[in-house]
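If you want the building blocks of each chain, they are given just below.
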Amino acid sequence: MVQVKQRILQHSRWPIHLRFIIWTLVTGKTRSIVYAALMVISGLFPAAGVWVAMHVFTAALHIHAVHIRVLLRWIAAWAGIALVSSLIWSVYQVVEEALKLTLEAEMERSLQQKTARLALETFERGDFHDMLERAREMTKPGELMNLLAESWFIGQSVVTTIAIAGVIATWNAWMLTAVIVVAALDVLAQLGQAREAHALKHALAPNQRLRRYIQDVLTTPASAKEVRTFAAGERLLTRWASLHCEDMAREWRVQRRHELVRSALAIGGVLGVVLGIAIVCFQTISGALSAAEFAAILYGLQQFHTGVNEAIGRVGYLRQYLLRIGDLFTYLTLEPEIRDKTDTDIQPGPLEVRSVSFCYPRAKEKALSDISLTVPFGQRVAVVGENGAGKSTLVRLLLGLYEPTTGAIQLGGKDIQTLRADRRASISSVVFQDFIKYAFTLRENIGLGNYDKMDDEQAIVAAAKAGGADEVASALSAGYETLLTTRFADGTDLSGGQWQKVAISRAFMRNPMIVALDEPTSALDPQMETEVLERFLSISGERTAIIVSHRLGIARLCDRILVMSNGRLVEEGTHEDLLQLGGEYARMWNLQAQRYRTPSQPSGD
Ligand SMILES: Nc1ncnc2c1ncn2[C@@H]1O[C@H](COP(=O)(O)OP(=O)(O)OP(=O)(O)O)[C@@H](O)[C@H]1O
């Protein structure tokens, strides 16, 4: 069933509105049908009211000729219609609330599911965040229901106006034509304006995101201190204000034009109704219409005009909602997704990289070019190179987070891209440069490395010992239960180095075949960094360990060093081999050694 719903949403050949209505019918079957039926039925009441009103007027005008009971019967019928109509309205509101909850929960699930299924490189696209933000608009509380309500309200208004028109047309058809022509012009204008308003929203989205980002930079504690240090607050505020003014001016221009058109059409609408009334007066004077018909037509005309105006107003909103849900549907069809794989069978073995190249989405240059290497199982490898050389990208590919643009990566003889995503995740563990500092307790910060063991005290303590977070725990008043954020009451924050120990401990919550550290130790002092990495290498034991580091003194502790430059693997070997080679590694080594050398020391690390 879930798949059927997904397919309906992603069926790009169907019109958006049709897709949405079918999806609501499939998602909240009974509730949707009852909801639609109540809408349509209550749309017939105004027409019935006009018809009964005509009989009330006739009976009242001829009260001398008919029995009082006839008049009372018609008045009772009129009251009955009003009563049933308000009862239906109450039921409608209950059904609407229930349907709203069902639809919102289901759509939110689809959005989350889609985001989880997207390949990591999609997140690197510049326009991805705008697309996600636009998609999210329609999952805000009430928005889906607004679209559904607008759809059915318009259906209801159409039923109402056609029914009233049918009743009035039996008395006078010309008057209706005048009102309908003016209404049609209004509908066309509303549609055009809705499209323009939506296009404006798209155009303003990048600026809005930048404005929000500047707001964040100005207000979050982490950036606030740097902003104050560099006295950049005033400048950033000016930049925010100029973006704001630019956006306001664009919005105002469009808004002004729309209001002018709307005012002109409103005047036209009133003229249409006045013309209709003039025709009815003329016919009554000439004796073509009775006094009761005259009164009923004026009443009906007022109802008709209200119905048409409501429908017109809603057409504009409906169009805007449809364009917005179109954005959500576009997001739901976004590619590439993590492809469905079923293979879970993988054995520890060598990591083989075969002619791998990789290009980030929309990047002009390759981040990795033609890399080939074999890492025997259990080997400890350091990846070094200048900034931007491709070290982090290579690690992400080795862990299967990105799919190579060309070439393949195998573990134990099996292409890692053929493995099911959860299996692939379970065979590797990594600490990134920009690891996450969760606003949770210390226990949860470590336990998130293996959710299944979140409550396993022993596993948490063992991982904390391995990564150094046990020292952090002992320095905290509530130990592992200390909340690591100052955002909430009773929380505390850690130093950069302490956070790194927590992140490394998190990686040890698993028992993976490959462990990788992508420079997460740069905030530690050199002695602590060496200690942490030595411990990391010693407890990585049987596993293949990969360390990205700029500190060559650390690289030298590994079995093998890979030297990257401009996305290529330019040298590889042990520390001694590479020094002897006298190439890129030797150059970097001498540069670093010079930095640490005192004037009396001849050379060394
Ligand atoms: N998300 C991205 N989109 C486009 N290009 C990217 C992206 N991430 C990295 N790059 C580019 O890919 C190249 C390799 O980047 P990578 O982060 O792998 O280098 P690195 O060696 O780890 O650098 P550093 O030592 O500074 O961390 C760089 O030219 C970088 O600009």
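- The name that an unreviewed UniProt entry assigns to the protein is ABC transporter ATP-binding protein, with the source organism given as Alicyclobacillus fodiniaquatilis.
- Here the protein is described in UniProt, under the heading Subcellular location (unreviewed entry), as follows: "Cell membrane".

### Some thoughts on the overall build of the protein
Then step 1. When helices and strands are counted, the protein shows 20 helices and 10 strands.
Then step 2. By the burial criterion, 32% of the 605 residues in the protein qualify as buried.

### Focus: the pairing of strand β10 (residues 568-573)
Then step 1. Here strand β9 (residues 560-565) pairs with β10 via 5 bridges, running antiparallel. Of the residues in β10, the one forming a bridge with L562 is E572.

### Some points on the site of the ligand
Then step 1. Residues in contact with the ligand, as listed here, are E124, Y360, A363, A367, G385, N387, G388, A389, G390, K391, S392 and T393.
Then step 2. Of the residues forming the shell around the ligand, the biggest block, 3 residues, is contributed by helix α11 (residues 391-398).
Then step 3. In terms of residue class, the shell around the ligand is built from 4 nonpolar, 6 polar and 2 charged.

### Side note on the nonpolar core
Then step 1. The biggest cluster of nonpolar side chains holds 70 residues, and the ones touching the most others in it are A382, V383, I546, I547 and I561.
Then step 2. Element by element, the count of residues in this core is highest for helix α16 (residues 496-507), at 5 residues.
Then step 3. Those residues in contact with V383 that lie beyond four places of it in its chain are K391, L394, V395, I546, V548, L562 and M564.

### Section: the confidence of the model for the protein
Then step 1. Confidence in the prediction for the protein averages 82 pLDDT; 90% of positions are at 70 or higher.
Then step 2. Below a pLDDT of 50 lies the segment residues 601-605, which in the model reaches 5 contacts outside its immediate sequence neighbourhood of four places, other chains included.
Then step 3. Note on the complex model: pTM 0.66, ipTM 0.97.

### Examining the packing of helix α3 (residues 29-61) against helix α6 (residues 143-169)
Then step 1. Orientation of α3 relative to α6, taken along the N-to-C sense of each, is 25°, at an axis distance of 8 Å. In terms of axis orientation, α3 runs roughly parallel to α6. Regarding α3 and α6, the two cross each other, and that crossing is right-handed. The residues of α6 that touch α3, namely those facing Y35, A36, M39, V40, S42, G43, L44, P46, A47, V50 and W51, are W152, G155, Q156, V159, T160, A163, I164 and V167.
Then step 2. When the residues that make up the contact of α3 with α6 are grouped by side-chain class, the tally is 14 nonpolar, 5 polar and no charged.

### Let's talk about the sheet that holds β9
Strand pairing in a sheet relies on backbone hydrogen bonds. The paired strands run either parallel or antiparallel.
Then step 1. Taken in spatial order, the 6 strands line up as β6-β7-β8-β3-β9-β10 in an open sheet, and their pairing is mixed. Each edge of the open sheet is held by one strand with a lone partner, namely β6 (428-431) and β10. Neighbour-to-neighbour, the strand axes of the sheet open up by a mean angle of 20°, direction not taken into account.
Then step 2. Taken together, the 5 bridges between strand β7 (residues 514-518) and strand β8 (residues 544-548) define a ladder with parallel strand orientation. Bridging across to β8, D518 finds its partner in V548.
Then step 3. α11 contacts β3 (380-385), β7, β8 and β9 of the sheet and is inclined by roughly 155° relative to β8.

### Regarding the pairing of β3
Then step 1. With 5 of its 6 residues buried, β3 lies for the most part within the structure.
Then step 2. Here β3 pairs with β8 via 4 bridges, running parallel. The residue bridging A382 from the neighbouring strand is I547, located in β8.
Then step 3. Direction of pairing for β3 relative to β9: parallel, over a ladder of 5 bridges. In the strand pairing of β9, V384 is matched with V563.

### Details of unusual backbone geometry
Then step 1. Even without a glycine there, the phi angle at S355 is positive, about 45°.
Then step 2. The residue S355 is located in strand β1 (residues 351-358) in this model.
Then step 3. Positive phi is not limited to glycine here, since D370 has a value of about 45°.

### Some words on the sheet that holds β1
Then step 1. The strand order across the open sheet built from 4 strands is β2-β1-β4-β5, with neighbouring strands paired in antiparallel fashion. Strands at the two margins of the open sheet, each flanked by one partner only, are β2 (368-375) and β5 (414-415).
Then step 2. Here 5 bridges tie β1 to β2, and the two strands are oriented antiparallel to one another. The partner of F358 across the bridge, within β2, is L368.

### Let's talk about the UniProt feature "transmembrane region" (unreviewed entry) in the protein
Then step 1. Taking the UniProt record as the reference, the feature "transmembrane region" (unreviewed entry) is found at residues 33-58, 70-92, 152-185 and 260-280.
Then step 2. The distance separating the terminal C-alpha atoms of residues 70-92 is 33 Å; by composition the span is 100% helix and 0% strand.

### Comments concerning helix α4 (residues 68-117)
Then step 1. Compared with an ideal rise of 1.5 Å per residue, which puts 50 residues at 74 Å, α4 spans 73 Å between its outermost C-alpha atoms and is within 8% of the ideal.
Then step 2. Looking only at α4, the buried set comprises V95, L99, K100, L103, M107, S110 and K114.

### Quick look at the environment of Q255
Then step 1. Assignment of secondary structure puts Q255 in helix α9 (residues 233-285).
Then step 2. Sequence separation between Q255 and Q193 is 62 residues; the distance between their C-alpha atoms is 9.3 Å.

### Focus on the environment of E150
Then step 1. By the secondary structure assignment, E150 is in helix α6.
Then step 2. Taking the C-alpha atoms as reference points, E150 and L318, separated by 168 residues in sequence, lie 5.8 Å from one another.
Then step 3. The contacts of E150, once residues within four sequence positions are left out, are R314, Y317, L318 and Y321.

Rules behind the numbers
One numbering rule holds for all chains: residues counted from 1, following each sequence as written. Whole-chain, interface and lining totals are the exception, using all residues; otherwise, since this is a predicted model, local features are given only for residues with pLDDT of at least 70 and side-chain atom pairs are given and counted only at 80 or more. UniProt positions are given in the numbering used here, feature names are shortened, and annotations may be inferred rather than shown by experiment. Strands here are runs of E lasting at least two residues and helices are runs of H or I lasting at least four, both read from the DSSP assignment and numbered beginning at the N terminus. Residues with at least 20 other C-beta atoms within 10 Å of their own are called buried, those with 12 or fewer are called exposed, and the rest are partly exposed. The C-beta atoms themselves are positioned from the backbone. Any two strands with at least two DSSP-identified bridges between them are counted as paired. Each residue gets a C-beta atom placed from its backbone. Should that atom fall within 6 Å of a molecule or strand, the residue is termed near it. Gly is put with the polar residues, along with every residue not named as nonpolar or charged; the nonpolar set is Ala, Val, Leu, Ile, Met, Phe, Trp, Tyr, Cys and Pro, and the charged set is Asp, Glu, Lys and Arg. Nonpolar core, as used here: buried Ala, Val, Leu, Ile, Met, Phe, Trp, Tyr and Cys residues forming one set through C-beta atoms within 7 Å. Once C-beta atoms have been placed from the backbone, residue pairs whose C-beta atoms lie within 7 Å are recorded as contacts. Each residue gets a pLDDT score, which is the predictor's confidence in that residue and runs from 0 to 100. Axis angles are defined between N-to-C directions and span 0 to 180 degrees, where every axis is a line fitted to C-alpha atoms and, for a helix, only to the segment in contact. In these notes the angle categories are as follows: under 35 degrees is roughly parallel, over 145 is roughly antiparallel, 65 to 115 is roughly perpendicular, and the rest is oblique. What makes a crossing left-handed is the near helix being turned counterclockwise from the far one by less than a right angle; a clockwise turn instead makes it right-handed. Here the expected span of a helix is defined as 1.5 Å times the quantity of residues minus one.

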